[in-house]
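Residues per chain are reported as follows:
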Amino acid sequence: MYRFVKMHNPEFPREIAEAYYNVGLLYGVRGDIAMCQAILETGWFRFADGTSVTADQYNYCGLGVTSSREKGHAFSSIEEGVKAQIQHLYAYGCKDDLPKGETIVDPRFSYVKRGSAKTWEKLNGRWAASRHYSDRILKLYFQLSGSQIEFIEVEIPEEYLLTEE
């Protein structure tokens, strides 16, 4: 995930990709696809070319932006901003309680009709007015999942290799 965004934005911080991965696992929400939603909302995390949010808001999904003149909500950290987005997706996706020990950080959580969008496609017209919103997110995801990212090969010392004993 990190390398995919880094190919398009050399300044992309690894902590953001890690937060999507970790928070997504905690909530059972695809962090990789949620990050693709953020790519769409932030312009590859560059926050340029008309995005409604700025980098210092840690609002990677435009929560609270209901018109182009609004800045939306701000969060205190990368993790809190990612968690707010994942919680919003979680609210759309199910009616379950939050994972044990979690508290709501998404200020718009209560506005969601719980369980009304159990698939990414059902976000169309809900998260954003566009009838093709999820198409754009999933197109990015398919690029991510099919990207030819060059991996670095490392030599593993023999004492770390499994043996057939």
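Residues numbered from 1 in each chain as written. Predicted model: local features only at pLDDT ≥ 70, side-chain atom pairs only at ≥ 80, totals over all residues. Heavy atoms only, no water.

### Some thoughts on the pattern of salt bridges
If charged atoms from side chains of opposite charge come close, those side chains can pair.
For step 1, the next point in the chain: Following the criterion strictly, the structure yields three salt bridges and no others.
For step 2, the next point in the chain: Among the salt bridges present, the one from Arg14 reaches Glu18, with a minimum N-O distance of 3.2 Å. Remark: Glu18 and Arg14 occur in helix α2 (residues 14-27); sequence separation between them is four residues, near one turn of the helix.
For step 3, the next point in the chain: Residue classification places Arg14 among the partly exposed residues on the basis of a relative accessible area of 46%.
For step 4, the next point in the chain: Here Glu18 falls in the partly exposed class, since its relative accessible area comes to 39%.
For step 5, the next point in the chain: Across the salt bridge formed by Asp32 and Arg30, the nearest N and O atoms sit 2.7 Å from each other. (Salt bridge = Lys/Arg side-chain N within 4 Å of Asp/Glu carboxyl O. Helix = DSSP H or I, 4+ residues; strand = E, 2+ residues; numbered from the N terminus. Buried < 20%, exposed > 50% of the residue type's maximum accessible area, 1.4 Å probe, protein only.)

### Description of the environment of Tyr133
For step 1, the next point in the chain: Locating Tyr133 in the fold gives a position in helix α5 (residues 133-146).
For step 2, the next point in the chain: Classification of Tyr133 by relative accessible area gives buried; the value is 4%.
For step 3, the next point in the chain: The spacing of Tyr133 and Glu121 is 12 residues in sequence and 8.0 Å in space, taken between C-alpha atoms.
For step 4, the next point in the chain: Within the structure, Tyr133 has its side chain in polar contact with the side chain of Gln37 (distance 3.0 Å).
For step 5, the next point in the chain: A distance of 2.6 Å separates polar atoms of two side chains, one belonging to Tyr133 and the other to Glu41. (Polar contact = N/O pair within 3.5 Å; in protein donor to acceptor, adjacent residues only side chain to side chain.)

### A word on the environment of Ile33
For step 1, the next point in the chain: As for its placement among the helices and strands, Ile33 is situated in helix α3 (residues 31-42).
For step 2, the next point in the chain: Along the chain, Ile33 and Tyr141 lie 108 residues apart, while their C-alpha atoms are 5.8 Å from each other.
For step 3, the next point in the chain: In this structure, Ile33 is in contact with Trp120, Ile137, Leu138 and Tyr141, ignoring residues within four places of it in sequence. (Contact = heavy atoms within 4.5 Å.)

### Focus: the nonpolar core
For step 1, the next point in the chain: With 46 residues, the main nonpolar core has Tyr20 and Phe45 as its most contacted residues.
For step 2, the next point in the chain: Contributing elements (two or more residues each) for this core: α1 (2-8), α2, α3, α4 (78-93) and α5.
For step 3, the next point in the chain: Sort the elements by how many residues they give to this core and α4 lands first, with seven residues. (Core = buried A, V, L, I, M, F, W, Y, C linked by side-chain atoms within 4.5 Å.)

Just distances and angles here, no functional claims.
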